[in-house]
Amino acid sequence: MKYLLLLFVFLGCIACKTEKKNYDGKYVYTNQIKKDVTFLASDDLEGRQTGTKGEKKAANYISKRFEEIGLAKKGTNGFLQPFSFKPKTNPHEEVKFDVNGDGTITGNNVIGFLDNKVENTVIIGAHYDHLGFGGEGSLYRDSIKTIHNGADDNASGIALMLNLAAKLKENNINNNYLFMAFSGEEMGLLGSNYFVKNPTIDTKKVSYMINMDMVGRLKKDTALAVYGTGTSPIFKQILKSQNKNFKLIQQESGVGPSDHTSFYLADIPVLHFFTGQHEDYHKPGDDSEKLNYKGMETISNYIFSIISDLDDNGKLTFRKTKNESENTPRFKVGLGVIPDYLFDGKGMRIDGISEDKPAQKAGLQKGDIVVQLGDSLVTNMMSYMRALSVFKKGDKTKVIVKRDDKSVEKEINF
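Notes on the structure in this doc start here. (Residues numbered from 1 in each chain as written. Predicted model: local features only at pLDDT ≥ 70, side-chain atom pairs only at ≥ 80, totals over all residues. Heavy atoms only, no water.)

**Focus: the overall build of the protein**
Then, number 1: Of regular secondary structure, the protein possesses ten helices and 18 strands.
Then, number 2: When the 414 residues of the protein are sorted by exposure, 51% land in the buried category.
Then, number 3: Within the protein, counting contacts between residues at least 6 apart in sequence, those at least 24 apart form 73% of the total.
Then, number 4: Surface exposure of the protein reaches about 20,200 Å², of which carbon and sulfur atoms provide 50%. (Helix = DSSP H or I, 4+ residues; strand = E, 2+ residues; numbered from the N terminus. Buried < 20%, exposed > 50% of the residue type's maximum accessible area, 1.4 Å probe, protein only. Contact = heavy atoms within 4.5 Å. Areas by Shrake-Rupley, 256 points an atom, 1.4 Å probe, with all protein chains shown as cover.)

**Observations concerning the pattern of salt bridges**
Then, number 1: Considering all chains together, one arrives at 16 salt bridges under this definition.
Then, number 2: For Lys236, the salt bridge identified is with Glu252, shortest N-O distance 2.3 Å. In this pair, Lys236 is assigned in helix H6 (residues 235–242) and Glu252 in the loop between strand S11 (247–251) and helix H7 (260–264), connecting sequence segments 16 residues apart.
Then, number 3: By relative accessible area, which is 37% here, Glu252 ends up partly exposed.
Then, number 4: Across the pair Lys361 and Asp356 runs a salt bridge, and its minimum N-O distance is 3.7 Å.
Then, number 5: Overlapping salt bridges, with partners in common, bring together Arg217, Asp280, Asp286 and Lys290 in one network. (Salt bridge = Lys/Arg side-chain N within 4 Å of Asp/Glu carboxyl O.)

**Some words on helix H3 (residues 53–69)**
Then, number 1: Taking 1.5 Å per residue as the helical rise, H3 with its 17 residues ought to reach 24 Å, and the 25 Å between its terminal C-alpha atoms agrees with that figure.
Then, number 2: Those residues of H3 that fall on the buried side of the exposure criterion are Gly54, Glu55, Ala58, Ala59, Tyr61, Ile62, Ser63, Arg65, Phe66 and Ile69.
Then, number 3: With its phi angle positive at about 100°, Gly70 sits one or two positions after the end of H3. (Expected span 1.5 Å × (residues − 1).)

**A word on the nonpolar core**
Then, number 1: Among the nonpolar cores identified, the biggest contains 59 residues, and Ile124, Phe179, Met212 and Phe273 are the most heavily contacted of them.
Then, number 2: Looking at which element gives the most residues to this core, the answer is helix H4 (residues 151–168), with eleven residues.
Then, number 3: The contacts of Ile124, once residues within four sequence positions are left out, are Met161, Leu164, Leu168, Tyr177, Leu178, Phe179, Met180, Ile210, Met212 and Ile307.
Then, number 4: If you look at the next biggest cluster of nonpolar residues, it comprises 21 residues, including Val333, Ala362, Val370 and Leu373. (Core = buried A, V, L, I, M, F, W, Y, C linked by side-chain atoms within 4.5 Å.)

**Observations regarding the side chain of Thr121**
Then, number 1: Considering the arrangement of structural elements, one finds Thr121 in strand S7 (residues 121–127).
Then, number 2: At a separation of 3.5 Å, a polar atom in the side chain of Thr121 contacts the side chain of Asn176.
Then, number 3: Residues in contact with Thr121, not counting those within four places in the same chain, are Phe113, Asn176, Tyr177, Leu178, Ile201, Lys205, Val206, Ser207 and Tyr208. (Polar contact = N/O pair within 3.5 Å; in protein donor to acceptor, adjacent residues only side chain to side chain.)

**Let's talk about the environment of Lys145**
Then, number 1: When you line up the elements, Lys145 lands in the loop between S7 and H4.
Then, number 2: Separated by ten residues in the primary sequence, Lys145 and Gly135 place their C-alpha atoms 9.0 Å from one another.

**Concerning the pairing of strand S17 (residues 396–403)**
Then, number 1: Where strand S15 (residues 369–373) and S17 come together, four bridges link them in antiparallel fashion. Along S17, the bridge assignment pairs Ile369 with Lys402.
Then, number 2: Summarising the sheet, S17 and strand S18 (residues 406–413) pair through eight bridges and their orientation is antiparallel. Within S18, the residue paired with Lys396 across the bridge is Asn413.
Then, number 3: Taking the residues that link successive antiparallel strands as the turn, the S17-S18 hairpin has two residues, and the phi of Asp404 there is positive, at about 60°. (Pairing = 2+ DSSP bridges.)

**Brief notes about unusual backbone geometry**
Peptide bonds are, in most cases, trans, and in most cases residues other than glycine have a negative phi.
Then, number 1: Residue Asn154 is reached from Asp153 by a cis peptide bond, and omega for that bond is 5°.
Then, number 2: With respect to the helices and strands, Asn154 occurs in helix H4.

**As for the packing of H4 against helix H8 (residues 293–309)**
Then, number 1: Relative to each other, H4 and H8 sit at 50°, their axes nearing to 10 Å. Put simply, H4 runs oblique to H8. For the element pair H4 and H8, the recorded crossing hand is right-handed. Taking contact as the criterion, the partners of Ser156, Ala159, Leu160, Asn163, Leu164, Lys167 and Leu168 in H4 are, on H8, Met296, Glu297, Ile299, Ser300, Asn301, Ile303, Phe304 and Ile307.
Then, number 2: Split into classes, the residues belonging to the contact of H4 with H8 amount to nine nonpolar, four polar and two charged. (Axes fitted to C-alpha atoms, helices over the stretch in contact; angles between N-to-C directions. Parallel < 35°, antiparallel > 145°, perpendicular 65-115°, else oblique. Left-handed = near helix turned anticlockwise from the far one by under 90°. Nonpolar A, V, L, I, M, F, W, Y, C, P; charged D, E, K, R; others polar.)

**Comments concerning the packing of aromatic side chains**
Then, number 1: Throughout the structure, instances matching the rule amount to 15 aromatic pairs.
Then, number 2: Each ring, one from Phe39 and one from Tyr61, has its centre 4.3 Å from the other, and the planes form 15°; the classification is stacked. Taken together, the residues Phe39 in helix H2 (residues 33–40) and Tyr61 in helix H3 connect sequence positions 22 residues apart.
Then, number 3: Between Phe182 and Phe263, the ring centres sit 5.9 Å apart and the planes meet at 50°, which makes this aromatic pair tilted. (Phe/Tyr/Trp six-rings, centres within 6.5 Å; stacked < 30°, edge-to-face > 60°.)

Purely spatial values, then, with no claim about function.
Quick look at the structure:
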């Protein structure tokens, strides 16, 4: 009985450590990363597709978390910034906002403000929408309608944003902080685009923007991608000086497939953090139990240390970068693989194989490093895409991969 009583006391102490408390109106920091992800990526939210009930439930949850932490409302309707749009039918046309009529969808950015009564503001953001039951963006090939919970993409980014909001409460007070949960990212960066065109603060006084998209699957090699490192002259130095845990994969460009792009195009320095793609990307298998929560906390601590180091630097200088996507070759066929975007060795390492595609049929495996495709040597992602761009459907060619310490040659049928 004595041991049973001690067990109850012990479990009670654990509960105390994880419980959020308020004393005299002040927020006491607790790590709620796993709790936030678990709720946002639950089946009850049905994949958080923009304009759905699930997205609204997520927006309400984030609003309540902002309120708990003590952030001020900075939307146009409390914490919310609603925006209406009609989805594009032509991929080359711009989305029209604030339209009426059939087919109109309304999404909600969720915006909270930590006002330290100073001149400059740092924006910290992540998108919270996902694919709902799949649809056009899904890579799931089964015909059964299935919820895409989007734990890594991007409940993980929202959980880190909330974690940073709690850490920054009454810390690093030389900047104000605007925390933003974007909607409409999966439909084309719509929420961040709308905010930049309709800001609720003076964006000329924004020092820099941090974006977190898919930060939940830090791997054993601790590779962490950081994009936008060239958008301010100070970024590379700070990233290096504060790094104690990661193998950093840096890209200078401020343009990429996530919400930081909207801010870069408004001449705001940006940093985007990303732990890489995986086999569950845009599939129903992206669930909360598969995330690396210890890794997420380490990433949050790293970002906090960067923010702390930049606290007394004033408004950061913006610098334009080369848009690497403009030089990306166009191709008509694919191997049917998920590249390891965090691989920094020679070649293109395969991180996943799609069912019934050329790579699988040829016998390629996860972990293979493509070093030659046809007559072209493959040294990195860009050279891989250039090599792929010369082929069309029906072509055959050879592929050479490194598998462990061996060189393996296979025939590819596109």
